[in-house]
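Geometric and topological summary
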Amino acid sequence: MLARLAQLKRIRGKSGRELRVRGWQELAKLGERVLRLSEGEMSDRAFLSYIKPAHVGDSAEAAANRIANRVHDSIFSNPHQGHSFFPSLSHREEIVARMSREFQPERQKIIERAARASRGRFDLLGFKDLSFGDPPDWLLEPISSKRTSLDHWSKIQYLDPMVAGDKKITWELNRHQHFVTLGQAYWMTNDEIYAEAFIAQATSWMDANPPKRGINWVSSLELALRSIAWLWALHLFAGSSRLTSQFELRLFKNLLTHGLHLQSYLSHYFSPNTHLTGEALGLFYLGTALPELQCAETWRTLGLGIMLDELPRQVRSDGVYFEQATYYHRYTADFYTHLLILARASNTALPEEVEEKLAKMITHLMWIGRPDGSSPLIGDDDGGRLIVLGGRELDDFRDSIATAAALYGRGDWKRAAGQGAVETLWLLGPAGLDRFAELQIAEPRTSSRVFAESGYAVMRDGWSDHSSYVMMDCGPHGSLAFAHSHADALSIEFAALGKPWIVDPGTFTYTADSELRDWFRSTQAHNTVTVDGQSQSVTGGPFSWKHVAKTKLDDFILEDSFDYLEASHDGYGRLADPVKHTRTVISPKAGARRDTALLPSYLIVRDTFISSGIHDYAISYHLAPGCSAFAIENQVTVTQPGGRRLNIAVFGRSMIRAQIRRCWSSRAYGQREQSLVVVFEGREKGTQEFTTLIIPAYDGQSIAVDRQSLDCAGAHGFQVISDVVRDVVLFSDDGRPVECGALTAACRFAWARFESDTFAIGFLIRGHRFETIDGFAFRSAAPVHHCTLRRTEDGIEGTLNGGNLFDLAIGEHTRKTVINGTAFEVSQAVALFAGDDSGWDLSNNSSEAIN
């Protein structure tokens with residue numbers, strides 16, 4: 001009875017259109033199961049009924065030959081003629097020559113992978129050298145040795161690991177992306193062994209996977225990606241004498257069956273995310289590459305319409321994919337990149353919004369890339385690709401950026417991509433690679449950025465491979481049913497000195513191991529704080545959640561000398577004694593100065609918890625694989641090969657103890673390696689505050705972090721000391737003047753750096769007073785939102801935001817002050833405070849424009 005009521009409730013929540021679509025699909029499944037409709041390989045007569053009647057009386061074989069000849073002609077045609085597939089593929093000689101000349105290591109890797117694939121051994125997802133037998137057992141999952149049946153596809157329990165093992169492994173092989181690798185190797189070697197392997201494996205697949213039966217017909221996305229791989233393989237092997245007319249006819253029949261199945265079982269309501277857009281792209285591919293089919297235009301129109309409709313829904317206004325998963329963001333960017341290339345090749349007009357949104361997506365990929373070129377794997381990572389043409393690691397998205405740079409002529413994207421990509425050569429041809437090479441490298445105008453709608457923030461101190469980098473997730477839990485989300489609110493990543501140090505551990509698995517699935521999605525597996533050992537959001541299954549935390553980006557400041565970010569979430573509001581978590585991340589920037597006597601850019605993290613009862617708090621920082629660490633009380637030193645270090649110190653109301661534990665990290669689906677997590681634990685009552693200082697250090701550089709004793713109960717001060725540098729860090733909750741070492745300030749936050757005991761640079765947030773022991777002072781008539789002050793050779797320069805009226809007292813050697821671009825000459829050694837009414841007024845100057 002309860003189950004029936006729940007079912008009725010779900011039905012009432014659905015629209016009339018959804019009920020019609022779902023109802024039609026269920027009837028179609030029923031017809032296939034009961035009446036065995038559409039089962040069995042297509043007959044010649046049925047195939048001919050779908051062919052445009054260009055030659056009345058043609059046999060099925062003759063019709064297939066017409067299609068094959070047109071494919072052949074498109075590969076060997078004049079490069080300047082129009083194309084309905086990728087124009088790059090009419091440049092075989094040039095592509096082969098460029099691969100030998102410019103991509104010799106990648107060329108060898110492609111040939112080696114092709115040789116192993118021809119022997120039935122595959123690298124899939126994060127798994128290496130898997131064997132499915134020879135010929136491959138297309139229904140096998142080799143890790144668990146599970147083999148699914150050939151029942152009707154709707155009866156296959158593919159999410160049950162006891163039935164299918166990890167179905168993603170089986171599906172990944174059956175995407176047949178290695179057929180494209182075989183085709184590339186065939187081009188570069190002229191060895192017919194690769195054509196023979198393609199024909200043998202494709203024939204074996206068609207024998208073992210009759211239409212509508214088995215696990216390889218379950219997911220429409222898998223059919224779409226398989227169709228795309230087959231189309232590429234057909235074009236790459238078009239010149240081979242091994243392709244017989246009988247084989248091509250059979251392959252065209254199967255492509256037609258794939259397209260008809262896709263058209264019937266689009267994921268409008270089952271997985272209306274990358275499943276739906278990938279399926280739509282598959283239809284657009286089929287309709288574009290096979291214009292001889294009567295349904296070709298229907299498929300093109302349907303596929304294109306879905307991709308256009310889904311673009312504003314699946315990509316937020318800031319250019320970020322709506323499921324809050326970086327890997328699926330890259331997936332989606334690739335979908336629309338292929339759509340753009342195919343549309344241009346087939347003279348299909350696209351709305352301007354497509355190129356504009358795709359540009360925003362690529363820009364986001366540029367921003368989230370770490371200085372070493374890898375990308376964080378936030379949210380789920382399924383390890384899949386639209387098509388595999390190159391050989392970079394799965395967490396390296398630079399191939400996608402390089403291709404887009406050539407398409408759009410963007411020098412900033414070229415800087416992010418680093419070098420020309422194999423993928424660019426095969427997708428865009430030699431001309432595309434030349435366009436990339438001719439681009440002038442440009443650096444983005446700013447070093448930090450907040451993507452406000454998605455809630456991602458990236459804070460850098462530059463764009464070199466040794467720059468410091470912070471990424472923080474302050475956005476929503478995800479979209480739809482949150483299938484690909486993790487409990488990662490307010491989690492951070494940190495890289496510095498050319499190395500990632502604090503990383504998101506990734507995903508590893510979906511359905512093969514429920515315990516590991518839940519751990520990799522938990523708050524404990526992210527760089528944030530757990531309360532009472534619980535996750536902020538609570539899982540309800542491998543792709544569902546019982547409780548979801550809501551996150552809010554409260555404030556941010558992005559300046560040349562510092563970045564400030566404040567955000568909160570309500571995930572622990574469900575506890576018997578509710579707890580609200582607010583995290584503030586501040587990054588003082590070293591900028592372009594790479595003096596090893598100075599401190600590199602580092603992080604100050606303040607976690608506050610509003611509650612009344614006693615709670616256990618655990619702050620976790622997951623270290624990149626390869627790191628070593630040791631702990632002493634509340635401080636941890638992390639080392640990597642080469643001597644560079646990361647120092648982490650956490651301070652709370654009482655003593656915090658650090659522990660170093662072993663855990664897992666995954667850079668690709670199915671692959672994991674041991675890593676370390678640093679956990680700082682405390683048990684406290686009432687409202688709490690914890691301050692973490694995360695400080696990288698050059699080889700041989702000394703670092704000391706000390707807590708300062710302050711008279712004001714609502715203030716907290718710290719000193720960071722290294723060689724000739726002394727930094728003062730000050731938090732104050734009530735804004736009263738507080739003295740902390742060489743700094744006195746009235747503010748929410750203040751920071752000052754002293755080099756050889758002389759004030760060098762500082763900033764103030766939400767305050768009105770900033771004074772140093774060596775005679776420099778700033779006072780504002782009213783609290784400013786923030787200001788930055790820096791000593792120069794002949795004076796002081798700074799920026800002021802959120803205030804107009806202020807006074808300065810300056811040291812005896814200071815003669816000039818520049819605030820928000822306005823210069824003030826100082827005629828006496830010390831400028832005394834003149835009071836609020838006679839202070840300098842910048843009300844007519846636009847600090848926003850100067851900043």
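Scope of this entry: the structure provided in the associated data block. By convention here, each chain's residues receive numbers from 1 onward along its written sequence. A pLDDT threshold of at least 70 governs which residues receive local features in this predicted model, and a stricter bar of 80 or more applies before side-chain atom pairs are shown or counted, although totals over entire chains, interfaces and linings include all residues. By convention in this description, side-chain values take in all heavy atoms of the structure and omit both hydrogens and water.

Looking down a regular strand, the side chains alternate between one sheet face and the other. By the convention used here, strands pair only if DSSP detects at least 2 bridges between them. Where helices and strands are cited, they refer to DSSP runs of H or I of at least four residues and of E of at least two residues respectively, numbered from the N terminus. Pairing between strand 11 (residues 538-541) and strand 12 (residues 544-547): three bridges, direction antiparallel. By the bridge assignment, Gly 541 is partnered in strand 12 with Ser 544. Hairpin geometry of strand 11 and strand 12 is characterised by an intervening segment of two residues between the two adjacent antiparallel strands.

Nonpolar cores are built from buried Ala, Val, Leu, Ile, Met, Phe, Trp, Tyr and Cys residues. Side-chain atoms within 4.5 Å join them into one set. Exposure classes here rest on a 1.4 Å probe applied to the protein chains alone. A residue is buried below 20% of its type maximum, exposed above 50%, and partly exposed in between. Phe 47, Phe 198, Trp 232 and Trp 426 are the most contacted members of the largest nonpolar core, which has 158 residues in total. Sort the elements by how many residues they give to this core and helix 11 (residues 220-236) lands first, with 12 residues. Non-local contacts of Phe 198, meaning those with residues more than four positions away in its chain, are made with Phe 179, Leu 182, Ala 233, Phe 237, Phe 247 and Leu 251. Membership of the second largest hydrophobic core comes to 45 residues, among which are Val 529, Leu 603, Val 636 and Phe 680. Working rule for contacts: check all heavy atoms of both residues, and any pair within 4.5 Å makes them a contact.

In this section: the pattern of salt bridges. Pairs may arise between side chains of opposite charge once their charged atoms sit close together. Whenever a carboxyl oxygen of Asp or Glu lies within 4 Å of a side-chain nitrogen of Lys or Arg, that contact is scored as a salt bridge. In the structure shown here, the tally under the stated rule is 47 salt bridges. Ionic pairing is found between Glu 32 and Lys 212, a salt bridge with its closest N-O pair at 3.1 Å. Placement of Glu 32 in helix 2 (residues 16-34) and of Lys 212 in the loop between helix 10 (192-208) and helix 11 is noted, with a sequence separation of 180 residues between them. Neither Glu 32 nor Lys 212 differs from the other in exposure class; each is buried. For the salt bridge of Asp 607 with Arg 583, the shortest nitrogen-to-oxygen distance reads 2.7 Å. Of this pair, Asp 607 sits in strand 16 (residues 603-610) while Arg 583 sits in strand 15 (residues 580-588), placing them 24 residues apart in sequence. No difference in accessibility class separates Asp 607 from Arg 583, as the two residues are buried. The structure contains a network of salt bridges with shared partners spanning Glu 112, Arg 116, Arg 121, Asp 123 and Asp 129.

The criterion for an aromatic pair is that two Phe, Tyr or Trp rings (for Trp, the six-membered ring) have centres within 6.5 Å, with stacked assigned to planes under 30 degrees apart, edge-to-face to planes over 60 apart and tilted to the rest. One pass over the structure, following the stated rule, counts 38 aromatic pairs. With 6.0 Å between their ring centres and 75° between their planes, Tyr 327 and Phe 397 make a pair best called edge-to-face. Residue Tyr 327 is located in helix 15 (residues 326-345), and its partner Phe 397 is located in the loop between helix 16 (352-368) and helix 17 (398-408); the two are separated by 70 residues in the primary sequence. Aromatic ring contacts, followed pair by pair, group Phe 179, Tyr 186, Phe 198, Phe 237 and Phe 247 into a single cluster.

In this section: the sheet that holds strand 16. As summarised here, the arrangement of the eight strands in space is 13-14-15-16-23-20-19-18, forming an open sheet in which the pairing is antiparallel. Edge positions in the open sheet fall to strand 13 (551-558) and strand 18 (628-632), since each of these has one partner strand only. Each adjacent strand pair in this sheet contributes to an overall mean axis angle of 15°, direction not counted. Pairing of strand 19 (residues 635-639) with strand 20 (residues 645-651) involves five bridges; the strand directions are antiparallel. Looking at strand 20, one finds that Thr 637 is bridged to Asn 647. To obtain an axis, a line is fitted to C-alpha atoms, over the contacting stretch when the element is a helix, and the angle between two such axes runs from 0 to 180 degrees between their N-to-C directions.

Let us now look at a nonpolar patch on the surface. On the surface, Leu 27, Leu 30, Val 34 and Leu 35 cluster together into a nonpolar patch covering about 420 Å² of accessible area. The residue Val 34 is located in helix 2 in this model. Val 34 sits in the exposed class, given a relative accessible area of 57%. Each patch is built from residues that are more than 30% exposed by relative accessible area and take part in no salt bridge. Like charges join if they lie within 9 Å; nonpolar side chains (Val, Leu, Ile, Met, Phe, Trp, Tyr) join within 5 Å. Computed with the Shrake-Rupley method and a 1.4 Å probe, the accessible areas treat only the protein chains shown as cover for residues.

The subject of this paragraph is helix 20 (residues 514-521). Note on helix geometry: an α-helix contains 3.6 residues per turn, so any two residues three or four positions apart are oriented the same way. Those residues of helix 20 that sit buried are Leu 516, Arg 517, Phe 520 and Arg 521. All buried residues of helix 20 lie within an arc of 130° about the axis, which places them on one face of the element. Set apart from the buried face of helix 20 by more than 90 degrees, the exposed residues are Ser 514 and Glu 515. Elements that come into contact with the buried residues of helix 20 comprise strand 11, strand 12, strand 21 (657-668) and strand 22 (671-685). Two N or O atoms count as a polar contact when they lie within 3.5 Å, although within protein this holds only if one can serve as hydrogen donor and the other as acceptor, and sequence-adjacent residues are included solely when both atoms are side-chain atoms. At the N-terminal end of helix 20, a side-chain oxygen is found 3.1 Å from the backbone nitrogen of Glu 515, two or three residues along, and the residue is Asp 513. An arc is given here, and it is the one of the directions from the helix axis to the C-beta atoms.

For Leu 150, the position within the fold is in the loop between strand 4 (146-147) and helix 7 (161-164). Linking Leu 150 and Gly 795, residues 645 residues apart in sequence, is a C-alpha distance of 80 Å. Beyond its immediate stretch of four places on either side in the chain, Leu 150 contacts Leu 139, Ala 208, Pro 210, Arg 213 and Gly 214.

Turning next to helix 17. Counting buried positions along helix 17 yields nine of 11 residues, so the element is predominantly enclosed. Listed as buried for helix 17 are Asp 399, Ser 400, Ile 401, Ala 402, Thr 403, Ala 404, Ala 405, Ala 406 and Leu 407. Structurally, helix 17 contributes buried residues whose contacts are with helix 15, helix 16, helix 18 (411-417) and helix 19 (422-438). Gly 409 sits one or two residues past helix 17 and shows a positive phi near 70°.

This paragraph deals with the side chain of Asn 254. Note that Asn 254 resides in helix 12 (residues 245-264). Taking the relative accessible area as the measure of exposure, Asn 254 reaches 2% and is therefore buried. Setting aside chain neighbours within four positions, we find Asn 254 in contact with Glu 41, Trp 205, Met 206 and Trp 230.

Moving on, we get to unusual backbone geometry. With an omega of 0°, the peptide bond between Asp 134 and Pro 135 qualifies as cis. Relative to the helices and strands, Pro 135 is located in the loop between strand 2 (127-131) and strand 3 (140-141). In this structure, Asn 347 is a non-glycine residue whose phi angle is positive, near 55°. Residue position: Asn 347 is located in the loop between helix 15 and helix 16. We classify Asn 347 as exposed; its relative accessible area is 72%.

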